[in-house]
Amino acid sequence: MQKTHEIPSDAAHGKKPTRGTQTLAKRVREALLTLGGEAHRAVAIETVAKGLGHDVRQIPEDLEVALILSFEENWRDERRRAAYGFHLPFGEGSHRWSVRREPAYLH
């Protein structure tokens, strides 16, 4: 049985499927915590891809783009950034991702 990726109808009309980005954000957060709280985004993406059963030598480009967009969208939104604890330790434009390990972020 082969898994297929369905595109939600909202995505076909240019709307962002929020549930998908929240799920990806949670996976990025879990990966960063596994990696000690921070890592280069390529390492975080490999960790998520591996967890999803992908060969890290051939990560699907759409997954890589979706993970980057998920992190960036959640980092730019103050409320979601606080919820996930996302942080760019070297500032905007950096490829170093991290999560802050404060009690408020441990949901």
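The model shown is predicted, which means the values in this text are computed figures rather than measured ones. (Residues numbered from 1 in each chain as written. Predicted model: local features only at pLDDT ≥ 70, side-chain atom pairs only at ≥ 80, totals over all residues. Heavy atoms only, no water.)

Student: For helix 3 (residues 41-51), give the residues involved together with the corresponding values.
Tutor: Among the residues of helix 3, those classed as buried are Arg41, Ala44, Ile45, Val48 and Ala49. Taken around the axis of helix 3, the buried residues stretch over an arc of 135°, which confines them to a single face. Residues of helix 3 that are exposed and point over 90 degrees away from its buried face: Lys50 and Gly51. Positive backbone phi, approximately 90°, marks glycine 53, located one or two places after helix 3. (Buried < 20%, exposed > 50% of the residue type's maximum accessible area, 1.4 Å probe, protein only. Helix = DSSP H or I, 4+ residues; strand = E, 2+ residues; numbered from the N terminus. Arc of directions from axis to C-beta.)

Student: Before we move on, can you summarise the packing of aromatic side chains with the specific residues and values?
Tutor: Enumeration over the complete set of coordinates arrives at three aromatic pairs. A ring pair is formed by phenylalanine 71 and tryptophan 97, whose centres lie 4.2 Å apart and whose planes are at 5°; its orientation type is stacked. Of this pair, phenylalanine 71 sits in helix 4 (residues 61-76) while tryptophan 97 sits in strand 3 (residues 96-99), and the two are 26 residues apart along the sequence. In terms of burial, phenylalanine 71 and tryptophan 97 fall into one category: buried. Here the aromatic cluster, defined as three or more aromatic residues joined through ring pairs, consists of Phe71, Tyr84, Phe86 and Trp97. A cation over an aromatic ring shows up here: arginine 81 above the ring of tryptophan 75, its NZ or CZ 5.8 Å from the ring centre. (Phe/Tyr/Trp six-rings, centres within 6.5 Å; stacked < 30°, edge-to-face > 60°. Lys NZ or Arg CZ within 6 Å of the ring centre and 35° of its normal.)

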